[in-house]
Amino acid sequence: MRQQIHIVGGGLAGSEAAWHTAQMGARVVLHEMRPVRATDAHKTDGLAELVCSNSFRSDDWENNAVGLLHEEMRRAGSLILRAGDAHKLPAGGALAVDRDGFSQAVTRALEQHPNIEIRREEIAWPAEEWRSVVIATGPLTAPELANAIRARTGEESLAFFDAIAPVAYRDSIDMSVAWMQSRYDKGDGADYINCPLDEAQYRAFIAALLAGEKTEFKEWESSTPYFEGCLPIEVMAARGEDTLRFGPMKPVGLTDPRTGRRPYAVVQLRQDNALGTLWNMVGFQTKLKHGEQTRIFRMIPGLENASFARLGGLHRNTFINSPRLLDECLRLKAEPRIRFAGQITGVEGYVESAAIGLLAGCFAAGELRGSIVEPPPPTTALGALLAHITRGADAKTFQPMNVNFGLFPELVPSERPRGRDRKKAMAHRALADLDGWLGHSRAAAE
Ligand SMILES: Cc1cc2nc3c(=O)[nH]c(=O)nc-3n(C[C@H](O)[C@H](O)[C@H](O)COP(=O)(O)OP(=O)(O)OC[C@H]3O[C@@H](n4cnc5c(N)ncnc54)[C@H](O)[C@@H]3O)c2cc1C
């Protein structure tokens, strides 16, 4: 009998993974627990159900990293993009879809594929005799499977909440105000970017945090007991005006070179990716609405013109520590028959999840037939996202991430235009490199 690939979870990632493995000639069994067991967010038994917004975000491949990811996935034969394009709704420059038509099209394509069998069942852990498995069970992975993953990978390896601190682009931080220094000059002495606040600035900032509009926890989110350890900054601020100044904004061990003195309070940013283009605001997880975050964080000296690759949040989300656990082909290092894909790997969003599903499917099918598929180059959106979760991000502070241009390697200095032209140049480089990778992968498969 031909070897099978078992895919657990028929969401955005699992559907895309199933499609690619089947298209590459492998036999696929797709295990989806709905409708036998429901999640707190899905409402139908359709595959690739969109649980909230119906938008795949910007479709502008030259200026937006998620638009570029769309284009790369189209070129790679994505089922999710094909169904999305076929059920597109008017939404300006965004790709918004008719959610029912979209999900039905994906379900139909997978049901009709001769290499795919769909089983409606919950998987507590993949059977030992399954030699190739992709786990794509998403942010609402059923508890038994989540516990099994944690038991096999270690207590610290699986999170049930993402406590996302905002991440700023390094080149948008004003370094004539901020400075590099580690507290008490530890490490190499200059690991952090520090933004100083005087007393009046600090008090105004606390008042803005308290007055800022917040998003509420959903009822089922607030019953999950995993977030006490990382309180939102506005909750800390509400406990007392000085709480943050003795917590994440404490100024001890730091000297502002402009004044020669310790500032009243400080906001620290820590490097977030190996490239050094993204910096996260330490301890700044928040439930403030996104517009409010941008407005309030730009009150911080040095961040007046900051642009953010990611804004803060706190959500129910099951994800593994991919930089520590997975190899560059999404295999669990400790048990390589198992791959992970989708949001559970620490990417964020429908398109990013499907993109990692696409790669997991190609890697698994390539491995099965003995023609190894290499990871796409890190200059592509697919490759940049993959490189971020498997090796670029810091395992100690790993939190989910959308695709963004901060994940891409810089252009060589002689080819580096500024502003939007820089993104365009990166996007053109990405598609040229992607075409090379696709050509190489297809030739290897023949
Ligand atoms: C409330 C909520 C709102 C969101 N809103 C947005 C949004 O507006 N925009 C956006 O881009 N992203 C949003 N997301 C994130 C979104 O869920 C992901 O981007 C995307 O759905 C992830 O794709 P996935 O395939 O990894 O997981 P999913 O699409 O969730 O698919 C996982 C599948 O695995 C199945 N499953 C789980 N456990 C098992 C098991 N043990 N055995 C068998 N099957 C199992 C589930 O039933 C599900 O079908 C939201 C998430 C949540 C929870």
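Residues numbered from 1 in each chain as written. Predicted model: local features only at pLDDT ≥ 70, side-chain atom pairs only at ≥ 80, totals over all residues. Heavy atoms only, no water.

Caption draft 1: Quick peek at the sheet that holds strand β17 (residues 335-340). Across the sheet, six strands lie side by side as β6-β2-β1-β7-β17-β16; this open sheet has mixed pairing. The open sheet has two edge strands with one neighbour each: β6 (116-120) and β16 (331-332). With two bridges joining them, β16 and β17 adopt antiparallel strand pairing. The residue of β17 that forms the bridge with Arg331 is Arg339. (Pairing = 2+ DSSP bridges. Helix = DSSP H or I, 4+ residues; strand = E, 2+ residues; numbered from the N terminus.)

Caption draft 2: Structural view of helix α4 (residues 99-112). Over its 14 residues, α4 runs 20 Å from end to end, which matches the ideal 20 Å to within 8%, given 1.5 Å per residue. Those residues of α4 that fall on the buried side of the exposure criterion are Gly101, Phe102, Ser103, Ala105, Val106, Thr107, Ala109 and Leu110. Packed against the buried residues of α4 are α1 (12-23), β2 (27-32), β3 (55-58), α3 (79-86), β5 (94-97) and β6. (Expected span 1.5 Å × (residues − 1). Buried < 20%, exposed > 50% of the residue type's maximum accessible area, 1.4 Å probe, protein only. Contact = heavy atoms within 4.5 Å.)

Caption draft 3: Molecular detail of the pattern of salt bridges. Summed over the entire model, instances satisfying the criterion amount to 24 salt bridges. In this structure, Arg74 and Asp85 form a salt bridge, with 2.7 Å as the shortest nitrogen-oxygen distance. In this pair, Arg74 is assigned in helix α2 (residues 65-75) and Asp85 in helix α3, connecting sequence segments 11 residues apart. On the basis of relative accessible area, Arg74 is assigned to the partly exposed category, the value being 27%. Given a relative accessible area of 31%, Asp85 falls into the partly exposed group. One salt bridge connects Arg422 with Glu410, and the closest N-O pair in it is separated by 3.1 Å. Of the two residues, Arg422 sits in helix α13 (residues 419-445) while Glu410 sits in the loop between α12 (381-392) and α13, which places them 12 residues apart along the sequence. With a relative accessible area of 18%, Arg422 lands in the buried category. Each member of the salt-bridge network shares a partner with another, and the members are Asp59, Glu71, Arg74, Arg75, Asp85 and Asp435. (Salt bridge = Lys/Arg side-chain N within 4 Å of Asp/Glu carboxyl O.)

Caption draft 4: Quick look at the packing of α2 against helix α11 (residues 350-368). Packing of α2 against α11 leaves a shortest axis separation of 10 Å and a crossing angle of 35°. Seen along the crossing, α2 lies across α11 with a hand that is left-handed. Of α11, the residues touching α2 (which contributes Val66, Leu69, His70 and Met73) are Val351, Glu352, Ala354, Ala355 and Leu358. (Axes fitted to C-alpha atoms, helices over the stretch in contact; angles between N-to-C directions. Left-handed = near helix turned anticlockwise from the far one by under 90°.)

Caption draft 5: Fine view of the environment of Phe205. Secondary-structure assignment places Phe205 in helix α6 (residues 199-211). Given the relative accessible area of 1%, Phe205 is considered buried. What Phe205 contacts, discounting residues up to four positions off in sequence, is Leu197, Met249, Phe284, Ile296, Phe297, Met299 and Ile300.

Caption draft 6: Local environment of unusual backbone geometry. A cis amide bond, omega 0°, links Arg34 with the succeeding residue Pro35. Here Pro35 lies in the loop between β2 and β3. Positive phi, close to 70°, is recorded for Arg57, a residue that is not glycine. Along the chain, Arg57 turns up in strand β3. Even without being a glycine, Tyr184 presents a positive backbone phi close to 55°. For Tyr184, the position within the fold is in the loop between β10 (179-180) and β11 (192-197). Using a relative accessible area of 54% as the deciding quantity, one classes Tyr184 as exposed.

Caption draft 7: Here's a closer look at the packing of aromatic side chains. In this structure the tally under the stated criterion is eight aromatic pairs. By the ring-pair criterion, three or more aromatic residues cluster together here, those being Phe205, Phe284, Phe297 and Phe308. Residue placement shows Arg170 over the ring face of Trp279; its charged tip is 5.9 Å from the ring centre. Arg245 extends its terminal NZ or CZ atom over the ring of Tyr264, reaching a point 4.0 Å from the ring centre. (Phe/Tyr/Trp six-rings, centres within 6.5 Å; stacked < 30°, edge-to-face > 60°. Lys NZ or Arg CZ within 6 Å of the ring centre and 35° of its normal.)

Caption draft 8: Representation of the sheet that holds strand β4 (residues 88-89). In spatial order, the strands read β3-β5-β4; together these three strands make up an open sheet with antiparallel pairing. The strands lining the two open edges of the sheet, one partner per strand, are β3 and β4. Note that β3 and β5 share two bridges and pair antiparallel. Note that in β5 the partner of Ser58 across the bridge is Ala94. Contacts from α2 reach β3 and β5, with the element oriented near 115° to β3. In the packing of α3 onto the sheet, contacts are made with β3, β4 and β5, and the angle to β5 comes to roughly 80°.

So yeah, pure geometry; function would need other evidence.
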